[in-house]
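Observations on the three-dimensional arrangement
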Amino acid sequence: MPHELPALPYAHDALEPHIDKATMEIHHGRHHKAYVDNLNKALAGSPLEAKSICDLVREIATVPDNIKGPVRNNGGGHWNHSFFWKLMAPGAGGAPTGDLAAAINAAFGTFADFQAKFEAAGLTRFGSGWAWLVVNGGKLEICSTANQDNPLMGKAVAGCEGKPILGCDVWEHAYYLKYQNKRADYLKAFWNVVNWAEVAKGFAAAK
Ligand code: MN
């Protein structure tokens, strides 16, 4: 059963003006699709074809060496982007509420402190990667990973660990058409489309 590109949960232009239509078309329809296609190619004929994308990412250390690189990059890319689309929504943004807001304040001080730390994680990731908010051992933490690595891959592989509840793609393909080299502006604009209801669902499930 090959992995499939999930449909975007909204129209390509739904996140305008913060994330532009052309970026969404290319990001979802070409970049994410390429991760899915290349993952299927890497897995063809392997018993790992039957594994869910979640298990593949979690168990990346056990993937045979001859396909580990492509599965790490493309499996990570598939998981990360499938997660990312759902974390954004048209007319979203604002601030979290309830248990999640309380946990963010407890871990980082204020919501603004949290935003500054998350933006810094994205900005200081040299080259391509992701900024993450994770639940690790019951606590909220911010970290970043390189390339398409993911905290679910574990600290030894990805450099950080935990269950991601928010992620921001800081590859240039995520922002270059609209923001060019200004990653900081893209990270600031990201807050306008964060689907906090979805983040809160992930937080409740991860606790
Ligand atoms: Mn991307």
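Residues numbered from 1 in each chain as written. Predicted model: local features only at pLDDT ≥ 70, side-chain atom pairs only at ≥ 80, totals over all residues. Heavy atoms only, no water.

**Comments concerning the pairing of strand β1 (residues 129-136)**
- Buried residues dominate β1, accounting for seven of its eight residues.
- Here β1 pairs with strand β2 (residues 139-146) via eight bridges, running antiparallel. In the sheet register, Asn136 faces β2, and the bridge partner there is Lys139.
- Two successive antiparallel strands, β1 and β2, enclose a turn made up of two residues, where Gly137 displays a positive phi of approximately 60°.
- Judged from the six bridges that link them, β1 and strand β3 (residues 163-169) form a sheet pairing that is antiparallel. In the sheet register, Trp130 faces β3, and the bridge partner there is Asp169. (Buried < 20%, exposed > 50% of the residue type's maximum accessible area, 1.4 Å probe, protein only. Helix = DSSP H or I, 4+ residues; strand = E, 2+ residues; numbered from the N terminus. Pairing = 2+ DSSP bridges.)

**Concerning the coordination of the manganese ion**
- Ligation of the manganese ion by protein atoms is provided by His27 (NE2), His81 (NE2), Asp169 (OD) and His173 (NE2), these donors lying 1.9 to 2.1 Å from the ion.
- If you list the donors of the manganese ion from N- to C-terminus, the spacing comes out as H-x53-H-x87-D-x3-H. On the criterion of sequence distance, the pair formed by His27 in helix α1 (residues 21-43) and His81 in helix α3 (residues 65-86) is long-range, its members being 54 residues apart.
- By relative accessible area, His27 is classed as buried at 2%. (Donors = N, O, S within 2.8 Å, 3.2 Å for Na, K, Ca; no water.)

**Describing the domain arrangement of the protein**
- Partitioning the protein into structural domains gives domain 1 (21-86) and domain 2 (98-206).
- Spacing between the C-alpha centres of domain 1 and domain 2 amounts to 20 Å.
- In this assembly, 19 residues from domain 1 lie in contact with 22 residues from domain 2.
- It is Arg72, Asn80 and Phe84 that lose the most area in domain 1 upon contact with domain 2, and together they represent 28% of the buried surface on that side.
- The interface formed by domain 1 and domain 2 contains one salt bridge.
- A salt bridge links Arg72 to Asp149; the shortest N-O distance between them is 2.7 Å.
- Across the contact surface, domain 1 and domain 2 share 11 residue pairs in polar contact (both at pLDDT 80 or more).
- Among the elements of the structure, α1, α2 (53-58) and α3 are those that each provide at least two residues to the side of domain 1 that touches domain 2.
- With 10 residues, α3 is the largest single contributor of residues to the side of domain 1 that touches domain 2.
- Looking at the side of domain 1 that touches domain 2 residue by residue, the class counts come to eight nonpolar, eight polar and three charged. (Domains from an automatic or database assignment. Contact = heavy atoms within 4.5 Å. Buried area = accessible area lost by both parts, 1.4 Å probe. Salt bridge = Lys/Arg side-chain N within 4 Å of Asp/Glu carboxyl O. Polar contact = N/O pair within 3.5 Å; in protein donor to acceptor, adjacent residues only side chain to side chain. Nonpolar A, V, L, I, M, F, W, Y, C, P; charged D, E, K, R; others polar.)

**Some points on unusual backbone geometry**
- At the junction of Glu16 and Pro17, the peptide bond is cis and its omega measures out at 0° in the coordinates.
- Structurally, Pro17 is set in the segment before α1.
- Phi at Asn147 takes a positive value of approximately 55°, unusual for a residue other than glycine.
- Of note, Asn147 is situated in the loop between β2 and α6 (155-158).
- Exposure remark for Asn147: the relative accessible area of 39% places this residue in the partly exposed category.

**A look at the sheet that holds β1**
- Reading across from one edge, β2-β1-β3 is the order of the three strands in this open sheet, with antiparallel pairing throughout. The sheet is open, and its two borders are formed by β2 and β3, each paired with just one other strand. Going across the sheet, the axis of each strand differs from the next one's by a mean of 20°, ignoring polarity.
- Contacts from helix α9 (residues 196-206) reach β1, β2 and β3 within the one sheet, and its direction differs from that of β3 by about 150°. (Axes fitted to C-alpha atoms, helices over the stretch in contact; angles between N-to-C directions.)

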